[in-house]
Amino acid sequence: MHHHFTEEQSMIRELARRIAEEKIEPVREQSDREGTFPWDIVKELAQTDLFRVFIPIQYEGMVEEGLGITNMCLVTEELSRVCGGIALAFAGTGLGSFPIILFGSQEQKEKYLPAIASGEKLAAFGLTEPDAGSDAGAIKTTAIKQDDHYILNGTKVFITNGEVADIYTILALTNPEKGARGASMFIVEKGTPGFEFGKKEDKMGIRASVTAELIFNDCKVPAENLLGREGAGFLMAMKTFDISRPGVAAQALGIARGAFEEALKYAHQRHQFGKTIISNQGIQWMLADMATGIEASRALIYQVADMIDKGETKNIGHLSAMAKMFASDIAMKVTTDAVQIFGGYGYMKEYPVEKMMRDAKITQIYEGTNQIQRNIIGTYLAKMAGKLARERE
Ligand SMILES: Cc1cc2nc3c(=O)[nH]c(=O)nc-3n(C[C@H](O)[C@H](O)[C@H](O)COP(=O)(O)OP(=O)(O)OC[C@H]3O[C@@H](n4cnc5c(N)ncnc54)[C@H](O)[C@@H]3O)c2cc1C
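Everything numeric here is computed off the predicted structure, so don't read it as measured data.

### Brief notes about the pairing of strand S1 (residues 123-126)
Burial along S1 is two-sided: the residues Ala123 and Phe125 and Ala124 and Gly126 are all buried. Pairing of S1 with strand S4 (residues 167-173), which is carried by four bridges, proceeds in the parallel orientation. Its bridge partner being in S4, Phe125 is matched across the sheet by Thr169.

Structure follows, in structure tokens:
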């Protein structure tokens, strides 16, 4: 099935696919095994201008109007089809940049976005803390104003692109008594005194992506690095997720496609009982379910991405949550079934499907677990039901 992508979007997709096949595929196994960050691929993405696809044209990006979520998803999907971990260097930079794109002042955008667009600097987004994961409002990191600075203290955990990024968008409490309503968002540059990196995680999957702890110890951030206004940080973080979750969905879609293609090829090659395994209806049914899930994910993701790009930013949260939840559940199922179709060989590291299954799992967890996505969708539905009931009265 084909969506109606513009000529530019189709070119972006083709370019990302070529880089994935020519540059990422030869290194993915080693990157996964050794957990090495793909600096060479980052350089390649920078040289081919792919970091520009989600940055507005005024700041040396490519997006002429609205947001570049479709572009972002196309690149993430194609890179993830080959390696969901390496793709995250790109997608994590998108996540870290979105608060600046959405809420930054012109000065902040001029200062930070061109270096992200050129790929010279990567970005990261820091919200999660040891005691604040799903309950994001429970963060404890503080940012207390002192003259023309804020002093940050606290620890962020599990931060994608931690240490490799130069630009961090960080949620911290400027008014700790108010809890989530006292949260604000800041841009913090690597190298700021008092900003250090802690534990680097050893992960099940997406091993080519760096996940690290950020430690703020009397870290002095200039007051002009506050994004928007004090107290609006929690809302900004939620609005960021509304536009970033289709990207996680696209990562899941790419991983699922990669696994499906491998399984289809293998089912056609592998002989048992004197015939190819694909000639068994049991295998065909598995492949049929996999293909259907992939097509449905794709339709949902690009519909939501297109709505966001065209300016629909209200009432989008539940749709983004649906895309993320659905595509990641499908990716988990498709990759698990791909391993099944490979039989014992699927369990071995010699073939890529076991890695794809490990990589798929994270898409059900980060940017809000799928339980939290169901909460978002459920809350929206309950609100709508109340509204309809009031209208009927
Ligand atoms: C590899 C990786 C990369 C990450 N990258 C980033 C990043 O770049 N930036 C960032 O800020 N964070 C990042 N995270 C953090 C991620 O978003 C959180 O791990 C996630 O939101 C879940 O939080 P938690 O791990 O504390 O789990 P918990 O919140 O402790 O949840 C544990 C379990 O309880 C369930 N649960 C919790 N509350 C409810 C509820 N109300 N209803 C039903 N079930 C519930 C959850 O679904 C889950 O199954 C990353 C995490 C990982 C693993």
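We are not done yet, so read on.
### Topic: the pairing of S4
With seven of its seven residues buried, S4 lies for the most part within the structure. Relative to strand S5 (residues 183-189), S4 runs antiparallel, the two being bridged by seven bridges. Pairing of Leu173 across the sheet is with Ala183, part of S5.

### Here we look at helix H3 (residues 69-82)
For H3, spanning 14 residues, the distance from its first C-alpha to its last is 20 Å, which sits close to the expected 20 Å at 1.5 Å a residue. Burial within H3 is extensive, with 14 of its 14 residues counted as buried.

### Quick look at the side chain of Lys355
By the element assignment, Lys355 lies in helix H9 (residues 353-363). Among the residues examined, Lys355 registers a relative accessible area of 7% and is labelled buried. Ignoring sequence-local partners within four residues, the contact set of Lys355 consists of Arg28, Asp32, Cys83 and Gly84.

The rules behind these values
- Residues numbered from 1 in each chain as written.
- Predicted model: local features only at pLDDT ≥ 70, side-chain atom pairs only at ≥ 80, totals over all residues.
- Heavy atoms only, no water.
- Buried < 20%, exposed > 50% of the residue type's maximum accessible area, 1.4 Å probe, protein only.
- Helix = DSSP H or I, 4+ residues; strand = E, 2+ residues; numbered from the N terminus.
- Pairing = 2+ DSSP bridges.
- Expected span 1.5 Å × (residues − 1).
- Contact = heavy atoms within 4.5 Å.

Everything listed is a geometric property; what it means functionally is a separate question.
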